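# Secondary and tertiary structure notes
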Amino acid sequence: MVQTKDARTSKLIPPLEEVKALAAQFEGKAPEDIIRWTFDRFGGRAAFCTSLQSGGMVILDMLHKVDPSARVFTIDTGRLPQETYDLIDRARERYDMPIEVYSPDHQELSTMVEKHGVNPFYRSYSLRLLCCEIRKVNPLNRVLAEMDAWVTGLMRTQSSTRANVQKIELDDAHGGIVKLNPLADWDSKQVWDYIRENDVPYNALYDKGYTSIGCAPCTRAIRPGEDERAGRWWWERGMPKECGIHLSPRRNGNATKAGAKE
Ligand code: SF4
C-alpha cells in the first residue's frame, strides 16, 4: 500500500483513493480476510474496539483464530451492566487474550457529576451527549490518538445511521485513521448463527430480550415490533441512537455524518 504522511499527526495514512479502491475489493471478502489484512498491515498500530455485543464477540472469536496477538480494547464507562463486566472476564478466559480496559478521565467525570448529578442523561439530550462524551467518546479518542487503524463491529442493518458503512473507510472524527468494519454487510441472523455454531460466549442480557447493549441506565429490552436499537436511550424521541463514537467517516470523497451523535 502506498502511504502518505499526515502532517498533523505524523501518522502514515493511506490516501483516500486507495481506501476507496480497497473498499470495493473488500465488499466481496469474508470478515476473517479483512481482519487478517488489518493486523498484517498495521500490526500493533491497529486495535479492535469492542463493547462485547454480539457482533463484537463474533469478531473477537475470528480475531483469536486469525491473530491472537492482536490488540483488543473496551471502554468501561463506569455504568455498564454487571452482565457486561461478567462477559469481559469470560472472554478473557475463553480466548486467553488480554482485553485492555480504558476508563473516563476522573476530573472530567467529577466536574460533570458536581454540576449535573449522577444521572444527567434523563434530563436532556444535550446532557445525555455530555455524559456519552465524557464516559465513552473522550476515552476512545485518547486510545485512538495512538492508532493508525481500528476495527469495529458496525453493521449496515443496525440502524439508518449505519446504512452506508463501508468495510474500510477513513475516520475523520479520529484524525483520518483507517476504520475497518468487517461485519458491515452482515445481519443479526448471521451473527447469531455464527455464535451458536462456534459456541461463542455472549452477554446474558440477550436472553432477557435485549438486542443492543450499552450502559445499564440507558438500555432496556425491546418490545415486540421495535427495531434493534430501540432499547438504547429509550426515553428520547426522534434523536439518533448514537453516542458519538462513529462520526464523520470519509466514504466517497466527502465527509459525512454517520449519526449526528449517538
Ligand atoms: Fe452516560 Fe448513558 Fe451515554 Fe453511558 S450510555 S455514557 S450512562 S449517557
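Structure: above.
Below: a short report on this structure. Model, not experiment: these values are computed from the prediction.

### What to know about the side chain of Thr 219
Positionally, Thr 219 belongs in the loop between α7 (188-197) and β9 (249-250). On the basis of relative accessibility, which here comes to 6%, the residue Thr 219 falls in the buried class. One polar contact links the side chain of Thr 219 to the main-chain amide nitrogen of Gly 214, over a distance of 3.2 Å. A polar contact is formed between the side chain of Thr 219 and the backbone oxygen of Cys 215, at a distance of 2.8 Å. In contact with Thr 219, other than residues within four places in its own chain, are Tyr 210, Ser 212, Ile 213, Gly 214, Gly 231, Arg 232 and Trp 234.

### Overview of helix α3 (residues 54-66)
Taking 1.5 Å per residue, 13 residues should reach 18 Å; α3 reaches 19 Å between its end C-alpha atoms and fits that length. Taken residue by residue, α3 has Ser 54, Gly 55, Gly 56, Met 57, Val 58, Ile 59, Leu 60, Asp 61, Met 62 and Leu 63 as its buried positions. Where the residues of α3 are buried, they touch α2 (31-42), β3 (46-49), β4 (71-75), α4 (82-95), β6 (149-151) and α7.

### Focus on the layout of surface pockets
A volume near 690 Å³ is recorded for the largest pocket. Along its surface, the largest pocket is lined by 38 residues, and Ser 51, Gln 53, Ile 213, Arg 229 and Arg 232 are the ones closest to its centre. Grouping the constituent residues of the lining of the largest pocket by class yields 15 nonpolar, 17 polar and six charged.

### Description of the packing of aromatic side chains
Think of a pair of aromatic rings as described by two things: how far the centres are apart, and how the planes are tilted against each other in angle. Here the structure, examined in full by the defined rule, presents 11 aromatic pairs. Note on Tyr 122 and Trp 235: the rings are 4.6 Å apart at their centroids and 70° apart in plane angle, and the pair reads as edge-to-face. In this pair, Tyr 122 is assigned in the loop between α5 (106-116) and α6 (125-144) and Trp 235 in the loop between α7 and β9, connecting sequence segments 113 residues apart. Judged by centre distance (4.8 Å) and plane angle (90°), the ring pair of Trp 234 and Trp 235 falls under edge-to-face.

### A short note on the site of the ligand
Near the ligand the following residues occur: Phe 121, Arg 128, Cys 131, Cys 132, Arg 135, Lys 136, Cys 215, Cys 218 and Trp 233. Looking at the shell around the ligand residue by residue, the classes come out as six nonpolar, no polar and three charged.

How each quantity is defined
Residues numbered from 1 in each chain as written. Predicted model: local features only at pLDDT ≥ 70, side-chain atom pairs only at ≥ 80, totals over all residues. Heavy atoms only, no water. Helix = DSSP H or I, 4+ residues; strand = E, 2+ residues; numbered from the N terminus. Buried < 20%, exposed > 50% of the residue type's maximum accessible area, 1.4 Å probe, protein only. Polar contact = N/O pair within 3.5 Å; in protein donor to acceptor, adjacent residues only side chain to side chain. Contact = heavy atoms within 4.5 Å. Expected span 1.5 Å × (residues − 1). 1 Å grid on protein atoms, 1.4 Å probe; cavity = no way out; pocket = protein on both sides within 12 Å on 5 of 7 lines; lining within 4 Å. Points joined across faces, edges and corners; volume = space filled by probe spheres on them. Nonpolar A, V, L, I, M, F, W, Y, C, P; charged D, E, K, R; others polar. Phe/Tyr/Trp six-rings, centres within 6.5 Å; stacked < 30°, edge-to-face > 60°. Near = heavy atom within 4 Å.

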